[in-house]
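Observations on chain architecture
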Amino acid sequence: MSTFSHLEPYAGDPILSLNEAFGHDPRPNKVNLSIGIYFDDAGRIPVLDCVRRAEAQMLAESAPKSYLPIEGTAAARSAVQGLLFGAGSPALASGRVATLQTVGSSGGLRVGADFLRRWFPASEVWVSDPTWDNHRAMFEGAGLKVHPYPYYDAASGGLRFDAMCETLSSLPAQSVVLLHACCHNPTGVDLSQAQWEQLIPLLGERRLIPYLDLAYQGYGDGIAEDAFAVRALADSGLSFFIANSFSKSMSVYGERAGALSVVCADRAEAELVLGQLKATVRRNYSSPALHAAGIISRVLGEPELRAAWEADVAAMRTRILAMRRSLHGVISAKLPGRDFGYFLTQRGMFSYTGLSAAQVDRLREEFGVYLVRSGRICVAGLNSGNVERTAEAMAAVL
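Read on for a plain summary of the structure. (Residues numbered from 1 in each chain as written. Predicted model: local features only at pLDDT ≥ 70, side-chain atom pairs only at ≥ 80, totals over all residues. Heavy atoms only, no water.)

1. Side note on the sheet that holds strand β9 (residues 240-245)
Strands in a sheet are paired, the pairing made by backbone hydrogen bonds, and the direction either parallel or antiparallel. In plain terms, the rule: Here, a strand pair is defined by DSSP locating no fewer than two bridges between the strands. The numbering of helices and of strands both runs from the N terminus, where a helix is a DSSP run of H or I of at least 4 residues and a strand a run of E of at least 2. Lines are fitted to the C-alpha atoms to define the axes, a helix being fitted only along its stretch in contact, and any angle between axes, read from their N-to-C directions, falls within 0 to 180 degrees.
Strand order in this open sheet of seven strands is β2-β10-β9-β8-β7-β3-β4, and the pairing throughout is mixed. With partners counted over all chains shown, the strands left at the sheet margins are β2 (97-103) and β4 (146-150), one partner each. For this sheet the average axis-to-axis angle between neighbouring strands, irrespective of direction, equals 25°. For strand β3 (residues 125-129) and β4, the ladder comprises five bridges, and the chain directions are parallel. Opposite D129, over in β4, you have P150 as the bridge partner.

This is the structure in structure tokens:
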């Protein structure tokens, strides 16, 4: 028996494998609505001018490329904190927030998972039903048990908020509750501000540990508006985790620009948490990316670049909303007896279409329209050249 013959074959990531299949499809009018990437109206991944200018500054400096500190640069971490918690945040002023620059928000999620496994070994994790597929894999890979809580209502295309609260109110103290801060992946269904205000006291009363994932800040209602849950939790005095990403908002997917922040009871606790987070990173990838740190700190820290970035994010958000409206208009006209209003109320890059796995297969095979078998579409893959054709194809299989 050879050394590795006992290994099981890797089936591949369903979304990335679908993206590869799309690449091999020779049909000229194929449409990729599978992977969570923002494309412009020409179907290209944009290079934001603010990022280009930040990178030009970095090249002009021609500085040595030494290792960063385990926690990342002070400038990048400070910029992340200001973006998440806002100017004048009491949590920041009191030193309650420990922040690491991480290898994307995925890296932040996994560092936090390893930290929880080490320091809260009895805690189990609860994720929305459904959630991003990799959430379960990351926390289970860290040795934590993962369970679903009610979230998406397939009948209405909305939120099962009462059932969600009922389940969370029954959890043991120090259970970890993974929550999407905005632009829920995969459904596009978010809690309203009023629902957050109802949920946060429940989290505190039950002594639960919220773990927020914020990968799409700015794609919902706006950069500050999409941080509502983060700031409301911080103002409540609760301790919680938040992993955030710049992949989409700065269109820097391959740079792996992300962060993990932990809001603590006081400055002393934050120092303890930061120390143990650094120990977790040191055992894993040792230190984060230099180039990502430069992009984050410059774009967020320099007023001119920050203004240009905010304008770019607003333009991306507006284009996604326009595609939602176009999709809704065409498919509603094709199938006038059905209600597709959920395309307009769901937010961010993703929507649940209500398509079955068999219907998704037909879309791919007959029409060259690619989406994951759950029926999730990436709305940012639509553009003025393919949205009508896509809506017609969807109507044909419904």
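2. Observations concerning the pattern of salt bridges
Rule in force here: Should a side-chain nitrogen of Lys or Arg be within 4 Å of a carboxyl oxygen of Asp or Glu, the pair is scored as a salt bridge. Exposure categories follow from relative accessible area, calculated using a 1.4 Å probe and restricted to protein chains: below 20% of the type maximum is buried, above 50% is exposed, and the middle band is partly exposed.
Taken as a whole and assessed by the stated rule, the structure comprises 17 salt bridges. For D25, the salt bridge is made with R27, and the minimal N-O distance between the two is 2.7 Å. For D25, a relative accessible area of 8% puts it in the buried group. Put simply, R53 and D49 hold a salt bridge, and the shortest N to O gap is 3.3 Å. Taken together, the residues R53 and D49, both in helix α2 (residues 49-61) and four residues apart, mark about one turn of the helix. Overall, R53 belongs to the partly exposed group, its relative accessible area being 28%. For D49, a relative accessible area of 41% puts it in the partly exposed group. One salt-bridge network, held together by shared partners, links D361, R364, E365 and R373.

3. Brief notes about the packing of α2 against helix α12 (residues 303-334)
Spelled out, the test is: Any angle that falls under 35 degrees is termed roughly parallel, while one over 145 is termed roughly antiparallel, one within 65 to 115 roughly perpendicular, and all others oblique. Throughout, a residue-residue contact means that at least one pair of heavy atoms, one from each residue, lies within 4.5 Å. When residue character is reported, Ala, Val, Leu, Ile, Met, Phe, Trp, Tyr, Cys and Pro are called nonpolar, Asp, Glu, Lys and Arg charged, and the others, Gly included, polar.
In the contact formed by α2 and α12, the axes pass within 8 Å of each other and the chain directions differ by 150°. Between α2 and α12, the interaxial angle falls into the category roughly antiparallel. For the pair α2 and α12, contact is made by D49, C50, R53, A54 and Q57 and by E304, L305, A308, W309 and D312, respectively. Taken together, the residues that form the contact of α2 with α12 break down as five nonpolar, one polar and four charged.

4. Quick look at the nonpolar core
Heads up, the rule is: For this analysis, a nonpolar core means a set of buried residues of the types Ala, Val, Leu, Ile, Met, Phe, Trp, Tyr and Cys, connected via side-chain atoms within 4.5 Å.
If you look at the biggest cluster of nonpolar residues, it comprises 106 residues, and the most contacted ones within it are L168, L199 and W309. Looking at this core, the element that brings in the most residues is α12, giving nine residues. Dropping the residues within four chain positions of it, W309 is found in contact with L48, C50, L83, I223, S249, M250, V299 and L300. Counting 28 residues, the second largest nonpolar core, distinct from the first, contains V111, V125, L178 and A243.

5. What to know about the packing of aromatic side chains
Short version of the rule: The aromatic pairing rule takes the rings of Phe, Tyr and Trp, using the six-membered ring of Trp, and pairs them if the centres are within 6.5 Å, calling planes under 30 degrees apart stacked, those over 60 edge-to-face and the rest tilted.
Using the criterion set out here, one finds eleven aromatic pairs in the structure. A ring pair is formed by Y211 and F241, whose centres lie 5.0 Å apart and whose planes are at 15°; its orientation type is stacked. Taken together, the positions of Y211 in strand β8 (residues 209-214) and F241 in strand β9 put the pair 30 residues apart, joining distant regions of the chain. The same class applies to Y211 and to F241, which are both buried. One aromatic cluster is present, formed by F115, F139, Y211 and F241 through successive ring pairs.

6. As for unusual backbone geometry
With omega at 5°, the peptide bond leading from D129 into P130 counts as cis. Here N185 and P186 are connected by a cis peptide whose omega angle stands at 25°. One can find P186 in the loop between β7 (176-180) and α8 (193-205). One non-glycine residue, Q174, lies in positive phi territory at about 70°. Since its relative accessible area comes to 33%, Q174 is described here as partly exposed. Despite not being glycine, S251 shows a phi value in the positive range, around 55°.

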